[in-house]
Amino acid sequence: MDRIRPNISMAVIRRLPKYYRYLGDLMEKGITRISSKEFGRIMGFTASQIRQDLNCFGGFGQQGYGYNVKELREEIGNILGLNRRYNTIIVGAGNLGQAIANYSGFAEAGFILKGMFDINPRLIGISIRAVKIMDIDEMKGFIARENINVAIICTPKEGAQDVANRLVDAGIKAIWNFAPEDLNVPDDVIVENVYLSESLMVLAYLMNQ
Ligand code: NAI
């Protein structure tokens, strides 16, 4: 946390996961160091962009040596906060909620799914990969008891604001929102929206050029 300087732009922050992913690929190939030129080439960035981005965090490269792949990946992971554990819940255990629960990759990034919540009595009581779906009325107590930090909203648009209010009331400060609804939350609550359909619309646009 201390490493994050307040003046780092969100544009840089949003590039860091890509650096992290590419560095992981390099490690898998057994590559231990890489120059900013070569790193830029594979990432589709210029060498100066790479140097500029990584300098924001104090600069990890050494003149004439390049970057140590493992160390740089570790540092970026630390900057992103991937060296921590986030106790996570999913609200809305339908198609999308269950698909997210079934994906094991989020746990590798530190997001540990502890529980799921829904209003549909037919879903309550069943488990997805050993994670139980509970009644939404049990959510507040569960959040406090299990020290939940992150909530993923996968309800229909209509219920999303009400769910967000309940999460805020229960003390949640970070929401990953999949519902197509702009949520109103207090300033100290972070909402990260994900809209797959926006990406699909860009694809449609590009196909029609
Ligand atoms: P679904 O109908 O299969 O699941 C929604 C679940 O939410 C149901 O189980 C329902 O009982 C539950 N629910 C409804 N109101 C609730 C409330 N107030 N509290 C707790 N649970 C509640 O729908 P699906 O396909 O899983 O989609 C879920 C949401 O995700 C929708 O808003 C959809 O538009 C959105 N979506 C977003 C995507 C994205 O990229 N952001 C991609 C796909 C879906």
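Structural data are supplied above this passage.
These numbers were taken from a predicted model, which means no experiment stands behind them. (Residues numbered from 1 in each chain as written. Predicted model: local features only at pLDDT ≥ 70, side-chain atom pairs only at ≥ 80, totals over all residues. Heavy atoms only, no water.)

Student: Even after reading the chapter, I still don't get the sheet that holds strand β4 (residues 111-118), so can you show me in this structure?
Tutor: Adjacent strands of a sheet pair through backbone hydrogen bonds, lying either parallel or antiparallel. Spatially, 7 strands are ordered β5-β6-β4-β3-β7-β8-β9 in an open sheet, and the strand pairing comes out mixed. Bordering the open sheet on either side are β5 (127-128) and β9 (190-193), each of which pairs with just one other strand. Pairing of β4 with strand β6 (residues 131-135) involves 3 bridges; the strand directions are parallel. Note on β6: the bridge partner recorded for Met116 is Ile133. (Pairing = 2+ DSSP bridges. Helix = DSSP H or I, 4+ residues; strand = E, 2+ residues; numbered from the N terminus.)

Student: Help me out: how do you make sense of the packing of helix α2 (residues 36-43) against helix α3 (residues 47-55) in this one?
Tutor: Interhelical geometry of α2 versus α3 gives an angle of 105 degrees and a closest axis separation of 7 Å. As summarised for this structure, α2 and α3 are arranged roughly perpendicular, according to the angle between their axes. When α2 is examined against α3, the residues Ser36, Lys37, Phe39 and Gly40 are found in contact with a partner set consisting of Ala47, Ile50 and Arg51. Across the contact of α2 with α3, the residue classes break down as 3 nonpolar, 2 polar and 2 charged. (Axes fitted to C-alpha atoms, helices over the stretch in contact; angles between N-to-C directions. Parallel < 35°, antiparallel > 145°, perpendicular 65-115°, else oblique. Contact = heavy atoms within 4.5 Å. Nonpolar A, V, L, I, M, F, W, Y, C, P; charged D, E, K, R; others polar.)

Student: Is there a simple way to explain the side chain of Asp118 in this structure?
Tutor: Relative to the assigned elements, Asp118 resides in strand β4. Here Asp118 is buried and forms no salt bridge, its nearest opposite-charge partner Arg122 lying at an N-O distance of 9.5 Å. One polar contact links the side chain of Asp118 to the main-chain amide nitrogen of Asn120, over a distance of 2.9 Å. (Buried < 20%, exposed > 50% of the residue type's maximum accessible area, 1.4 Å probe, protein only. Lys, Arg positive; Asp, Glu negative; His and termini not counted. Salt bridge = Lys/Arg side-chain N within 4 Å of Asp/Glu carboxyl O. Polar contact = N/O pair within 3.5 Å; in protein donor to acceptor, adjacent residues only side chain to side chain.)

Student: Where do I start with the site of the ligand in this structure?
Tutor: Lining the immediate environment of the ligand, one finds 22 residues, of which Leu96, Asp118, Thr155, Val194 and Leu196 sit closest. Between the ligand and Asp118 there is a distance of 2.5 Å, counted from an oxygen atom to a side-chain nitrogen or oxygen. Contacts to the ligand include Thr155, whose backbone N or O atom sits 2.7 Å from an oxygen atom. Computed on the free molecule, the ligand has an accessible area of 860 Å², of which 73% lies beneath the protein chains in the complex. Among the elements of the structure, α5 (95-102) and α8 (157-169) are those that each provide at least two residues to the shell around the ligand. (Near = heavy atom within 4 Å. Areas by Shrake-Rupley, 256 points an atom, 1.4 Å probe, with all protein chains shown as cover.)

Student: Even after reading the chapter, I still don't get α8, so can you show me in this structure?
Tutor: Since there are 3.6 residues in each turn of an α-helix, residues three or four apart along the chain are aligned in direction. Taking 1.5 Å as the rise per residue, α8 with 13 residues should run 18 Å; its terminal C-alpha atoms sit 19 Å apart, in good agreement. Here α8 has its buried residues at Ala160, Gln161, Val163, Ala164 and Leu167. Seen end-on, α8 carries its buried residues on one side only, within an arc spanning 165 degrees. Turned more than 90 degrees from where α8 packs its buried face, Glu158 and Asp169 sit exposed. In this structure, the buried side of α8 is in contact with β3 (86-91), α7 (139-145), β7 (150-153) and β8 (174-177). Of the residues trailing α8, Gly171 is marked for its positive phi of about 100 degrees. (Expected span 1.5 Å × (residues − 1). Arc of directions from axis to C-beta.)

Functional significance is not addressed by these values, which are geometric in nature.
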